[in-house]
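These are the residues of each chain, in order.
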Amino acid sequence: MSLVIRPLTIDELPLCVPFAQEFHEELKLPGKMIPEIFMKNWTTFLTTYPSVILSLWKEEVLLGGLGAMIVPDLFDGRLCGHEMFIFIRKSERGGSGFLRLLKAFRAWWIERGAVEGRLAHMEHAETDEALDRLYRKLGYRPIERSYVESLCQL
């Protein structure tokens, strides 16, 4: 059974909701994962901006995906591919899917004229060192760390 990566259609967007919920829970992210908001935001992204959800399939089963947008750099306007999420179902981790999604992301932003790719990395003790090594091996380097302060509890 071979893996296939292809852009997810808007009609298929509801298939991402369980992954988004699992991602939110696994990383203990602030706030709540509200499916309707997730769907509304990604529908807006996919219909308004140069964006994509690269979906990873094994036959008819969605295993995960990578959401990304092309954005201009804030300082000089050069186009950058910006990964917004990457997630693979826990039972499918350890195979080649993650690396394939990263390579598909790189091809996607290059095809759209971007000159830089940016990967986010959520702080997660179980994956921090391995992701850092992989991203560096692929030619990426860390440039920022984000912090969050939450004033509301949804």
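So, here's what we can say about the structure. (Residues numbered from 1 in each chain as written. Predicted model: local features only at pLDDT ≥ 70, side-chain atom pairs only at ≥ 80, totals over all residues. Heavy atoms only, no water.)

### Some remarks on the sheet that holds strand E1 (residues 3–7)
Strand pairing within a sheet occurs via backbone hydrogen bonds; the two strands may be parallel or antiparallel. With mixed pairing, the five strands of this open sheet are ordered in space as E1-E2-E3-E4-E5. Strand pairing shows two members of the sheet lacking a second neighbour, E1 and strand E5 (116–118), which therefore form its edges. Neighbouring strand axes in the sheet, compared pairwise and without regard to direction, differ in orientation by 25° on average. Here strand E2 (residues 51–58) runs beside strand E3 (residues 61–72); their pairing, made up of eight bridges, is antiparallel. Each bridged residue has a counterpart across the sheet, and for Lys58 the counterpart in E3 is Val61. Where helix H2 (residues 35–48) meets the sheet, its contacts fall on E2, E3 and strand E4 (79–88), and the angle it forms with E2 comes to roughly 110°. (Pairing = 2+ DSSP bridges. Helix = DSSP H or I, 4+ residues; strand = E, 2+ residues; numbered from the N terminus. Axes fitted to C-alpha atoms, helices over the stretch in contact; angles between N-to-C directions. Contact = heavy atoms within 4.5 Å.)

### Side note on unusual backbone geometry
Positioned with a positive phi, Lys28 is a non-glycine residue whose angle comes to about 50°. Mapped onto the elements, Lys28 comes out in the loop between helix H1 (17–26) and H2. Owing to a relative accessible area of 70%, Lys28 belongs among the exposed residues under this scheme. One non-glycine residue, Glu59, lies in positive phi territory at about 55°. The topology assignment puts Glu59 in the loop between E2 and E3. We classify Glu59 as exposed; its relative accessible area is 55%. (Buried < 20%, exposed > 50% of the residue type's maximum accessible area, 1.4 Å probe, protein only.)

### Some words on the nonpolar core
Most often, soluble globular proteins have nonpolar side chains that are buried together. Ranked by internal contacts, the top residues of the largest apolar core, which has 20 residues, are Leu54, Leu66, Leu101, Phe105, Trp108, Trp109 and Tyr135. Elements with a contribution of two residues or more to this core: E2, E3, E4, helix H3 (97–111) and helix H4 (128–137). For this core, the element with the highest residue contribution is H3, accounting for six residues. Residues in contact with Leu66, not counting those within four places in the same chain, are Val52, Ile53, Leu54, Glu83, Phe85, Ile86, Leu101, Leu102 and Phe105. Counting residues in hydrophobic clusters, the runner-up holds 18 residues, among them Leu8, Cys16, Phe23 and Trp42. (Core = buried A, V, L, I, M, F, W, Y, C linked by side-chain atoms within 4.5 Å.)

### Digging into H3
With 15 residues, H3 extends 21 Å from end C-alpha to end C-alpha; this agrees with the ideal 21 Å at 1.5 Å per step. At the C-terminal side of H3, Gly113 shows a positive phi close to 85°. (Expected span 1.5 Å × (residues − 1).)

### A few points about the environment of Arg100
Structurally, Arg100 is set in helix H3. Sequence-wise, Arg100 and Arg145 are 45 residues apart; in three dimensions their C-alpha atoms are separated by 25 Å. When neighbours within four sequence positions are excluded, Arg100 is seen to be in contact with Leu3 and Ile5.

So far we have only geometry, and geometry alone does not tell us how the molecule works.
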